[in-house]
Amino acid sequence: GVDDIVVVEEDALTVVTRERDEYLDMLRRVQADFENYKKRMLRQQTDQLERASENLVAKLLPALDAFALTRAHLTDEDAASPEVKALLQASGLVEDALAKEGLERIDDPGAPFDPTIHDAVEHAPAPEAADSDTASDSDTASDAATAGTAGAAPPAAGPVVSDVLRPGYRWKGRVIRPAMVRVRG
């Protein structure tokens, strides 16, 4: 009779130990699932915030275009006006704030044509090396730099952006509006 009691106690201890291990494994799985859920929710919230900010920035692009158009058509007399100076300063503040948050301008005459960032609206065959400067570009220093590198580059193996008719933009590395360009070659 004593041996039977010991065997029953060992079986009960084995059963309780096995159940404990199953509950611990289940708890660990639930904890891991919950951690994965928290990470997934954080990722989704971050994605939603980025999409919302991208949509807002996309709605501001016509205002940036209007500022650039205004700058392109200013005369020296206009630029001396306090109102115009205030407008230019405000537009610069908006552009700087958006750039710090991740807005990049796509305005690259002389660059190889890339359909992922350029929207070609006009195509010309490869001409004799005649580059035309556009009066609508706001950054003359960067235009000179890109024109200098374009002239120094060997002949491109494909089409090249000859003029940027409307700049494009990237928001945090993602193209939200391709640049509208003339292409040659």
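Now for a look at the structure at hand. Remember, predicted model here, so these are calculated numbers, not experimental data. (Residues numbered from 1 in each chain as written. Predicted model: local features only at pLDDT ≥ 70, side-chain atom pairs only at ≥ 80, totals over all residues. Heavy atoms only, no water.)

Some thoughts on the sheet that holds strand β1 (residues 103-106)
To summarise the sheet geometry, strands pair through backbone hydrogen bonds and adopt either a parallel or an antiparallel arrangement.
Then comes step 1: Strand order in the open sheet formed by 3 strands is β1-β4-β5, with antiparallel pairing between adjacent strands. Of all strands in the sheet, those bounded by a partner on one side alone are β1 and β5 (174-177). The average undirected angle you get between the axes of adjacent strands in this sheet is 35 degrees.
Then comes step 2: Alignment of strand β4 (residues 168-171) against β5, held across 3 bridges, turns out to be antiparallel. Bridging across to β5, Tyr169 finds its partner in Arg177. (Pairing = 2+ DSSP bridges. Helix = DSSP H or I, 4+ residues; strand = E, 2+ residues; numbered from the N terminus. Axes fitted to C-alpha atoms, helices over the stretch in contact; angles between N-to-C directions.)

Considering the pairing of strand β3 (residues 160-166)
Then comes step 1: Most of β3 sits out of view: 5 of its 7 residues are buried.
Then comes step 2: Examined bridge by bridge, β3 and strand β6 (residues 179-184) share 5 bridges and lie antiparallel to one another. The residue of β6 that forms the bridge with Arg166 is Met180. (Buried < 20%, exposed > 50% of the residue type's maximum accessible area, 1.4 Å probe, protein only.)

Topic: the pairing of β4
Then comes step 1: Where β1 and β4 come together, 4 bridges link them in antiparallel fashion. For Ile106, the partnering residue across the bridge sits in β4 and is Gly168.
Then comes step 2: Linking β4 back to β5 in an antiparallel pair, the connection comprises 2 residues, with Lys172 at a positive phi of about 55 degrees.

Some remarks on the pattern of salt bridges
Then comes step 1: Enumeration over the complete set of coordinates arrives at 11 salt bridges.
Then comes step 2: Note that Arg20 is salt-bridged to Asp21, the shortest N-O span being 2.8 Å.
Then comes step 3: Using a relative accessible area of 47% as the deciding quantity, one classes Arg20 as partly exposed.
Then comes step 4: In this structure, Arg174 and Glu54 form a salt bridge, with 3.5 Å as the shortest nitrogen-oxygen distance. Within this pair, whereas Arg174 is found in strand β5, its partner Glu54 is found in helix α1 (residues 2-72), the two being separated by 120 residues in sequence. (Salt bridge = Lys/Arg side-chain N within 4 Å of Asp/Glu carboxyl O.)

Keep in mind that these numbers describe shape and distance, not what the molecule does.
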